[in-house]
Amino acid sequence: MSGPGHSEPGRLEPGFSDLAGLPVARRLHWGRWLAAVLIVIALAYLVRAFAKGQIAWDVVAHFLTVPVILSGIWNTVLMAVLAMAVGIVLGIVVAIMRLSSNPVLISVAAGYAWLFRGTPLILQLLLWFNIALVFPVMGIPGIWTGKAVVIMTPFVSALLGLGLNQGAYTSEVIRAGIISVDAGQHDAARAIGMSRLHALRRIVLPQAMKVVLPPLGNEFIGMIKMTSLASVIQYPEVLHNAENIYYANSRVIELLIVAGFWYLLVVSILTPFQMLLERHFSRGTARPGA
Amino acid sequence: MTRPMVAIRNVAKTFGTFQALDGVSMDVMPGEVTCLIGASGSGKTTLLRCVNQLNTIDSGAIWLDGELLGKAKRGDRLHRLTERAVSRQRLATGMVFQRFNLFPHMTALQNIVEGPVQVQRRPGREVRAEAMALLERVGLADKAGNYPSELSGGQQQRVAIARALAMRPKLMLFDEPTSALDPELVGEVLAVMRGLAETGMTMMVVTHELGFAREVADTVVYMDAGRIVEAGAPREVLAAPKEERTRTFLSKVLK
């Protein structure tokens, strides 16, 4: 190794100064400091503006925990969880239909996604709530029937509207996850004698979850806020209840702040759950110690 | 005369306009090792996948241990079998893939146990004991709890072999089992396969390892353009090929 152009180990050729032992100086990030200072000033100004503005903070504090608001946020969370459950079940079924080799199932699945993604959610909610105008009586003829006005309560209408709409979006998220799993996994599952559906359940879907969960978490957070649209059909979720209060006492901003606080709190509590789920479904692929 | 384990007659398969198999006929006798060699695109992998019904054949017929695969004769017509019946037929064959295809969300042991417990509905305790014995046999008893991502390529392929064996197949199919491995890991996989051949397992092996074919195979089949060009004992096909195309291929591979 001592040909021309190679120096002996530990010795430097002339012209190169010895750097060993010199400390590395810390770099000063002037840009970061400047940005931080500007943001602190802006925040301080905002806080001051809100503090001096026409907001009765004692009213906010009072209404934060009144029973109507608490039952409202409970209804919000309940509806979000149930509608999301409906959406996920529908989404899985529709995604599997879409990926099947049956042209009828494929068309039905595509038509469903087209219909429910193509119309505004608020329109769908209003349709479900007012469906009694079209079908005064619903049920299975001869077995069980009931008056649509009685069946389609705000709760049922909201659950149907939000769930069916969510299913259309979730089906695409699940489909993306299924497609992302290597074709060799299907082969290996079939080779040990699994049917298509069995392979999907045991082998493909668990691996698809890794891809599905982040966007699904997004959808769930979206759903918590979308429930507020159900206020137009009298579902007593938190925004609806907040509105009812400010119609009476005119404390509009105060009650909107109360509702906003609860939405933020619920979303903040749910975010860590997503991380736990993601960790569970990334087993086998997570880097050790990560 | 004994009945062949695999009887392939006049099998053709096209993918779009590509003729992957063009009238292939061959027999694999019980306990025999048949090595399929040939350039990529010659149809050897497709033939293997057709035997396992991962691809359906366009025409011709394949019998496995006397049972017609994929179709059943009723009256004067052939009817395609249901997916469930095809899955049941697949239980008779074990398949090892070029890229291992272990289930990444399961440990080595869980990979092996999955088929017998989930598909064959055998009792978990018995299957686990058998799976541990299989891991021992492929030299990986200490890796039972490891995920595939924590294993080397050679170790993954050995787990994949154990996974296929756990189904107690009559026939083992190997699709280029060492092609995705680093050179220093090829030996350990071939050693496991050699051991398996010695136990009398019937094997069809698509391979580029001519040394393995020479030592272990009873029959070597050279394929080109979806047809069998030459088949026979290794000392004939590999050492003294009759066909010009076989000679050309061997000279390229051995160079």
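Here's what I pulled together on the structure shown here.

The rules we used
Residues numbered from 1 in each chain as written. Chains lettered and ligands numbered in written order. Predicted model: local features only at pLDDT ≥ 70, side-chain atom pairs only at ≥ 80, totals over all residues. Heavy atoms only, no water. 1 Å grid on protein atoms, 1.4 Å probe; cavity = no way out; pocket = protein on both sides within 12 Å on 5 of 7 lines; lining within 4 Å. Points joined across faces, edges and corners; volume = space filled by probe spheres on them. Helix = DSSP H or I, 4+ residues; strand = E, 2+ residues; numbered from the N terminus. Core = buried A, V, L, I, M, F, W, Y, C linked by side-chain atoms within 4.5 Å. Buried < 20%, exposed > 50% of the residue type's maximum accessible area, 1.4 Å probe, protein only. Contact = heavy atoms within 4.5 Å. Patch = residues over 30% accessible without salt bridge, like charges linked within 9 Å, V, L, I, M, F, W, Y side chains within 5 Å. Areas by Shrake-Rupley, 256 points an atom, 1.4 Å probe, with all protein chains shown as cover. Salt bridge = Lys/Arg side-chain N within 4 Å of Asp/Glu carboxyl O. Buried area = accessible area lost by both parts, 1.4 Å probe. Polar contact = N/O pair within 3.5 Å; in protein donor to acceptor, adjacent residues only side chain to side chain.

### Remarks on empty space enclosed by the protein
Regions of empty space are outlined by a rolling probe, equal in size to a water molecule, passed over the atoms.
Move 1: Inspection of the entire model under this criterion finds one cavity of 30 Å³ or more.
Move 2: Empty space within the largest cavity amounts to approximately 50 Å³.
Move 3: Lining the largest cavity are Ala191(A), Ile192(A), Thr93(B), Gly94(B), Met95(B), Ala160(B), Arg163(B), Ala164(B) and Met167(B).
Move 4: Contributing elements (two or more residues each) for the lining of the largest cavity: strand S8 (93–96) and helix H5 (153–165) of chain B.

### Describing the nonpolar core
The tendency in soluble globular proteins is for nonpolar side chains to be buried as a group.
Move 1: Core analysis: the largest hydrophobic core is formed by 51 residues, its most contacted members being Ile161(B), Met172(B), Phe174(B), Met193(B) and Met203(B).
Move 2: Of all the elements, helix H6 (residues 183–198) of chain B adds the most residues to this core, at eight residues.
Move 3: Those residues in contact with Met193(B) that lie beyond four places of it in its chain are Ile161(B), Phe174(B), Pro177(B), Met203(B), Val205(B) and Phe212(B).
Move 4: Counting residues in each nonpolar core, the second largest holds 44 residues, with Ala95(A), Ala208(A), Val238(A) and Ile245(A) among its members.

### Regarding a nonpolar patch on the surface
Residues and elements named next belong to chain A.
Move 1: A cluster of nonpolar side chains, contributed by Ile-39, Leu-43, Leu-46, Phe-50 and Trp-57, occupies part of the molecular surface with about 500 Å² of accessible area.
Move 2: Structurally, the position occupied by Ile-39 is in helix H1 (residues 30–52).
Move 3: Judged by its relative accessible area of 52%, Ile-39 falls in the exposed class.

### Some details on the interface of chain A and chain B
Move 1: If you look at the interface, chain A gives 22 residues, while chain B gives 25 residues.
Move 2: Looking only at chain A, the three residues that lose the most surface to chain B are Ala191(A), Ile192(A) and Gly284(A), adding up to 27% of its buried area.
Move 3: For the pair chain A and chain B, the interface holds three salt bridges.
Move 4: Two residues, Arg202(A) and Glu114(B), come together in a salt bridge whose shortest N-O distance is 2.6 Å.
Move 5: Where chain A meets chain B, there are seven residue pairs in polar contact (both at pLDDT 80 or more).

Geometric values such as these leave the question of function open.
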